[in-house]
Amino acid sequence: MDGAPSDLRTLRYVAEITRKLARMLSRTRYQMLVYLLEMTAVEAESLAGEQDPERTRPVKPSQARR
């Protein structure tokens, strides 16, 4: 699995970027998009955690559900 470390970094990058975008949009009227972005971030971190259980970062409940 040569691509596994790269995949994990990509998943965590997706989570980070979508959370930043969600924070930026949270001040607007696009709440459904914000929710979708937050759920995308949660799913990306979850997938990364399944692939690398020793290096999981806990998802804060306030980020997982609004």
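The rules behind these values
- Residues numbered from 1 in each chain as written.
- Predicted model: local features only at pLDDT ≥ 70, side-chain atom pairs only at ≥ 80, totals over all residues.
- Heavy atoms only, no water.
- Helix = DSSP H or I, 4+ residues; strand = E, 2+ residues; numbered from the N terminus.
- Buried < 20%, exposed > 50% of the residue type's maximum accessible area, 1.4 Å probe, protein only.
- Contact = heavy atoms within 4.5 Å.
- Areas by Shrake-Rupley, 256 points an atom, 1.4 Å probe, with all protein chains shown as cover.
- Patch = residues over 30% accessible without salt bridge, like charges linked within 9 Å, V, L, I, M, F, W, Y side chains within 5 Å.
- Salt bridge = Lys/Arg side-chain N within 4 Å of Asp/Glu carboxyl O.
- Core = buried A, V, L, I, M, F, W, Y, C linked by side-chain atoms within 4.5 Å.

(A) Inspection of the overall build of the chain at higher detail. A tally of helices and strands in the chain yields three helices and zero strands. In the chain, the succession of helices and strands from N to C terminus is α-α-α. Burial analysis of the chain (66 residues in total) assigns 30% to the buried set. Sequence separation of 24 or more characterises 60% of the internal contacts of the chain that already satisfy a separation of 6 or more. For the chain, the exposed surface amounts to about 5200 Å²; the carbon and sulfur share of it is 57%.

(B) A nonpolar patch on the surface, seen in detail. A contiguous nonpolar patch, built from Y30, L33 and L36 and spanning about 290 Å² of accessible area, is present on the exposed surface. Considering the arrangement of structural elements, one finds L36 in helix α2 (residues 31-51).

(C) Representation of the environment of A15 within the structure. Tracing the backbone shows A15 in helix α1 (residues 4-25). In this structure, A15 is in contact with A41, A44 and E45, ignoring residues within four places of it in sequence.

(D) The side chain of T18, seen in detail. By the secondary structure assignment, T18 is in helix α1. On the accessibility criterion, T18 (10% relative accessible area) is buried.

(E) How the structure looks around the nonpolar core. With six residues, the main nonpolar core is built from L8, L11, A15, A41, A44 and A48. Mapped onto this core, the elements with two or more residues apiece are α1 and α2. If sequence neighbours within four positions are ignored, A48 has contacts with L8, L11 and R12.

(F) Representation of the pattern of salt bridges in the model. Counted according to the given criterion, the structure contains two salt bridges. K20 is the salt-bridge partner of E16, the closest N and O atoms lying 3.1 Å from each other. Placement of both E16 and K20 in helix α1 is noted, with a separation of four residues, approximately one turn of the helix. A salt bridge links R19 to E45, with the nearest nitrogen and oxygen atoms 3.4 Å apart. With R19 in helix α1 and E45 in helix α2, this residue pair connects regions lying 26 residues apart in the sequence. Assessed through its relative accessible area of 15%, E45 is described here as buried.

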